[in-house]
Amino acid sequence: MMRIRFEIREELADIVAEILESEKWHAQVLEEGDSFKRVSIKDPHFDSKANVEIWREEIHIRTAWSNYTYRIFKEGRVVWCEYIGAYRGLLEQTLLPQLTPKENILDMPVMDSTLVAEGASETLREYGEKHMRRRQQATHEAETESASDYTSHPRVVYDEYIKTGVPMPPVR
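A quick note: this is a predicted structure, and the numbers were derived from the prediction, not measured.

Analysis parameters
- Residues numbered from 1 in each chain as written.
- Predicted model: local features only at pLDDT ≥ 70, side-chain atom pairs only at ≥ 80, totals over all residues.
- Heavy atoms only, no water.
- Phe/Tyr/Trp six-rings, centres within 6.5 Å; stacked < 30°, edge-to-face > 60°.
- Helix = DSSP H or I, 4+ residues; strand = E, 2+ residues; numbered from the N terminus.
- Buried < 20%, exposed > 50% of the residue type's maximum accessible area, 1.4 Å probe, protein only.
- Lys NZ or Arg CZ within 6 Å of the ring centre and 35° of its normal.
- Salt bridge = Lys/Arg side-chain N within 4 Å of Asp/Glu carboxyl O.
- Core = buried A, V, L, I, M, F, W, Y, C linked by side-chain atoms within 4.5 Å.
- Contact = heavy atoms within 4.5 Å.
- pLDDT = per-residue confidence, 0-100.
- Pairing = 2+ DSSP bridges.
- Axes fitted to C-alpha atoms, helices over the stretch in contact; angles between N-to-C directions.

## Focus on the packing of aromatic side chains
Inspection of the entire model under this criterion finds four aromatic pairs. Ring centres of Phe-36 and Trp-55 lie 5.2 Å apart, and the angle between their planes is 50°; on these two criteria the pair is classed as tilted. Separated by 19 residues along the polypeptide, Phe-36 in strand E3 (residues 36-42) and Trp-55 in strand E4 (residues 49-55) bring together distant segments of the chain. Of the residues examined, Phe-36 reaches a relative accessible area of 17% and is grouped as buried. Take Trp-55: its relative accessible area is 32%, and that puts it in the partly exposed class. Note on Tyr-87 and Tyr-127: the rings are 5.8 Å apart at their centroids and 55° apart in plane angle, and the pair reads as tilted. Pair noted here: Tyr-87 is in the loop between strand E7 (78-85) and strand E8 (110-113) and Tyr-127 is in helix H2 (residues 124-147), with a separation of 40 residues, a long-range link. Clustering of aromatic rings is evident, with ring pairs tying together Tyr-68, Tyr-70 and Tyr-83. Above the face of the Phe-73 ring, Arg-71 is positioned so that its terminal group lies 3.9 Å from the ring centre.

In structure tokens:
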């Protein structure tokens, strides 16, 4: 899991309008107050949904399956998006309003992560490269481990060791 923050081009009002009236999903207002709305958005084609909380100056989007969160907020005249989730999930959700980074997102610093040492600074590009190397290493280790696992051998190999003509124990 990682946390990253980046400036976006869209305005909060436009994002709220898209959440409530998008053609990409069905929106249902679950709760509404003076300065708060809780909305559920559902994909009409797949069994997926996201929960959205809308305040006057802030929006929270939480994906239902993976619990990734997007916090969209205004700081001065700038609209920011803060993402907490897996590297491979960043901006990949179907149930997400248009969020366009103003700058190259790969140059943004990763704020927190299990892969970044405490106090260290790393860009998303560096983080992604490190993530890819770890995935490749884990895949290689899993392949090496499964090659030595007897259950991964072809059936012919261990069928030779099954003794024929030996009575089975009684079923109780």
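There is more to say, and it comes next.
## Looking at the pattern of salt bridges
Scanning the entire structure with this criterion turns up twelve salt bridges. A salt bridge links Glu-58 to Arg-71; the nearest nitrogen and oxygen atoms lie 3.0 Å apart. With Glu-58 in strand E5 (residues 58-63) and Arg-71 in strand E6 (residues 69-75), this residue pair connects regions lying 13 residues apart in the sequence. Put simply, Arg-3, Arg-5, Glu-58, Arg-71 and Glu-82 are held in one network by salt bridges that share partners.

## Looking at the nonpolar core
Core analysis: the largest hydrophobic core is formed by 30 residues, its most contacted members being Ile-19, Ile-59, Ile-61 and Ile-72. Contributions of two or more residues to this core are made by strand E1 (2-8), helix H1 (12-21), E3, E4, E5, E6, E7 and H2. Excluding its chain neighbours within four sequence positions, the residues that come into contact with Ile-61 are Ile-19, Ala-50, Asn-51, Val-52, Tyr-68, Thr-69, Tyr-70, Ile-72, Leu-95, Leu-96 and Pro-97.

## Overview of the confidence of the model for the protein chain
This prediction gives the protein chain a mean pLDDT of 84; 81% of its residues lie at or above 70. Mean pLDDT across the secondary structure elements of the protein chain bottoms out at helix H3 (residues 155-159), with 47, and peaks at H1, with 97. Note that residues 153-161 has pLDDT below 50 and, in this model, three contacts with residues that lie over four places away or in other chains.

## Brief notes about the sheet that holds E4
Strand order in the open sheet formed by eight strands is E2-E3-E4-E5-E6-E7-E1-E8, and the pairing between neighbours is antiparallel. Only two strands of the sheet have a single partner each, and these edge strands are strand E2 (26-32) and E8. Neighbour to neighbour, the strand axes of the sheet diverge by 20° on average, direction disregarded. Judged from the three bridges that link them, E1 and E8 form a sheet pairing that is antiparallel. When the bridges of E8 are listed, Arg-3 appears paired with Asp-112. Along the sheet, H1 contacts E1, E2, E3, E4, E5, E6 and E7; its crossing angle with E5, the most-contacted strand, is approximately 40°.

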